[in-house]
Each structure stands twice: as structure tokens, then as C-alpha cells.
Amino acid sequence: AQSVTQLGSHVSVSEGALVLLRCNYSSSVPPYLFWYVQYPNQGLQLLLKYTSAATLVKGINGFEAEFKKSETSFHLTKPSAHMRDAAEYFCAVSEDAGGTSYGKLTFGQGTILTVHP
Amino acid sequence: EPEVTQTPSHQVTQMGQEVILRCVPISNHLYFYWYRQILGQKVEFLVSFYNNEISEKSEIFDDQFSVERPDGSNFTLKIRSTKLEDSAMYFCASSQAGNIQYFGAGTRLSVL
């Protein structure tokens, strides 16, 4: 069974500061890992994905994440926060489609990012 | 850019009534999903659909729920007899190969 834990339901940073959102996963098979962002009153937008290629993954809006198998982590970072980054961020894990899971996503509980001027 | 479209954006219904939530997935996608997010809780998987049949469903997806792809473009979620606890945001997603899923903006279901 797969699961995701996001440490910290709320993270607050100043504009221009480093953003670090933590995600740990568990999966019985090599996972696919995702970060999604949800802006107020909107759906889930894919930020970036890890699908067994490079361990450092770059996404949209200057975000990146590093897959660390030894730590079962996939933390999301951005060097310099902008006000527009304020949103809720979800880490998700999926097993390979074509197996038994057909790509079912298991989400973490989400981290609300607040950016202060 | 192609997107997943969900209608309506907000649905209000009385307890015990049937509701149908509608989704138009991205046109060349083959895998379809429904998820829900109860206010303040995690996004939870409900069901996946591939090759015109349910491929996987969660414990939440009981006999009150059904899905259908009636015309090759729409993908619907029906709740036969809604309960108060069905109030949530329901997200549809689609995927070309079952790995990267693209989500709609969601339908907020309010059961009174």
C-alpha cells in the first residue's frame, strides 16, 4: 500500500525567502511522485513529477523537488518565494499504471503556504 | 492547452436525492478518475475507469456510487441517494497513459 506524509500543515515564509515543503512517501514498488498546487477556488494543477528519470526534477514557477530513495522523501523547494506562490500544495504518490493500480494517486494532507511581504 | 472540464461548479441537493456530476476529460486520454476532498481533509481516490470499465475503486465507492462514459466524451459520477457526508469537492482527472493525471476545477457538492 502506498502512503504520503506531508510534514507541516502550514508553512509561512517571507517574500524572497526559501520555500521548503516536506513530503515523505511509502510505496511497495518504485513510485511515481508528484506535487500539485491548488489555488483558492481552483482545481489541482501539476507542478512537477518524478517518474524514475533524473532525481532532481524541475517544475513550473521555479519549483523543484529531489527524489531521495534512501530517505523516502520528495521535498519541494523554491529559492525565492513570491506572493503569488501562496496556495495549498499536495504531494502525491502513484504506482505504475499497467500494474494493478491504474495510476491511482494517494495524496498527502496538504501544506498551506503563506507568503508575507 | 487541453483541459478537463467539470460541470456544474457547484451543486446543491437535498439528502436522499440523486446527483450526477459531469466531466469532459482531455480528448485523447484513456484513463479516467474521480477523487473527492471533504472540507479540511485529504484528497481521496474514489474510482478509476479504463477501457469502459471500472479498473479500481476505493472503500468509499460503495453501491450508492456509479460511473459511466455514456458517449465517448463525457465521464459521469452518479450518487444515487445522497447523504450529508457526501458533501465535498469532487474532482475528475484524466490521463493518457495512467501516470500523469490532469485535474478539472472540481464540483462542490452541498447536501442539505
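Throughout what follows, the structure given in this document is the object of discussion. Predicted model only: the values in this text are computed from it and were never measured. (Residues numbered from 1 in each chain as written. Chains lettered and ligands numbered in written order. Predicted model: local features only at pLDDT ≥ 70, side-chain atom pairs only at ≥ 80, totals over all residues. Heavy atoms only, no water.)

**A short note on the sheet that holds strand 1 (residues 3-7) of chain A**
All names here are of chain A. Threshold: One requirement defines pairing of two strands: DSSP has to find at least two bridges between them. A helix here means a DSSP run of H or I that spans at least four residues, while a strand means a run of E at least two residues long, and both kinds are numbered starting from the N terminus. Interaxial angles span 0 to 180 degrees and are taken between N-to-C directions of axes, which are lines fitted to C-alpha atoms, for helices over the stretch in contact.
Read from one edge of the open sheet, 5 strands run 1-3-8-7-6, paired in antiparallel fashion. Both edges of this open sheet fall to strand 1 and strand 6 (56-58), since each of them pairs with a single strand only. In this sheet, adjacent strand axes meet at a mean angle of 20° when their direction is disregarded. Two strands pair when backbone bridges link them, and strand 6 and strand 7 (residues 64-68) are joined in this way by 3 bridges, in the antiparallel orientation. Looking at strand 7, one finds that V57 is bridged to A65.

**Examining the interface of chain A and chain B**
As a reminder, the rule being used: Pairs of residues are marked as contacts when any of their non-hydrogen atoms sit within 4.5 Å. Only one rule defines a salt bridge in this text: a Lys or Arg side-chain nitrogen within 4 Å of an Asp or Glu carboxyl oxygen. Polar contact criterion, stated in full: a pair of N or O atoms within 3.5 Å, where within protein one must be able to donate a hydrogen and the other to accept it, and residues adjacent in sequence count only if both atoms are side-chain atoms. For this classification, the nonpolar set comprises Ala, Val, Leu, Ile, Met, Phe, Trp, Tyr, Cys and Pro, the charged set comprises Asp, Glu, Lys and Arg, and every other residue, Gly included, is treated as polar.
Taken together, the 21 residues of chain A in the interface contact 20 residues of chain B. Where chain A packs against chain B, one counts 1 salt bridge. Here E56 of chain B makes a salt bridge to K104 of chain A, at a shortest N to O gap of 3.4 Å. Where chain A packs against chain B, one counts 3 residue pairs in polar contact (both at pLDDT 80 or more). The set of elements that each furnish at least two residues to the side of chain A that touches chain B consists of strand 4 (32-38), strand 5 (44-50) and strand 10 (105-107) of chain A. Counting residues per element, the side of chain A that touches chain B draws most heavily on strand 4 of chain A, which supplies 4 residues. Class assignment for the residues of the side of chain A that touches chain B results in 11 nonpolar, 8 polar and 2 charged.

**A word on the sheet that holds strand 3 (residues 19-24) of chain B**
All names here are of chain B. Taken in spatial order, the 4 strands of this open sheet run 1-3-8-7, and their pairing is antiparallel. Looking at the sheet topology across the chains shown, the edges are occupied by strand 1 (5-7) and strand 7 (65-68). Averaged over neighbouring strand pairs, the angle between their axes works out to 20° when direction is ignored. Looking at chain direction, strand 7 and strand 8 (residues 75-79) are connected through 4 bridges and run antiparallel. By the bridge assignment for strand 8, V67 is matched with L77.

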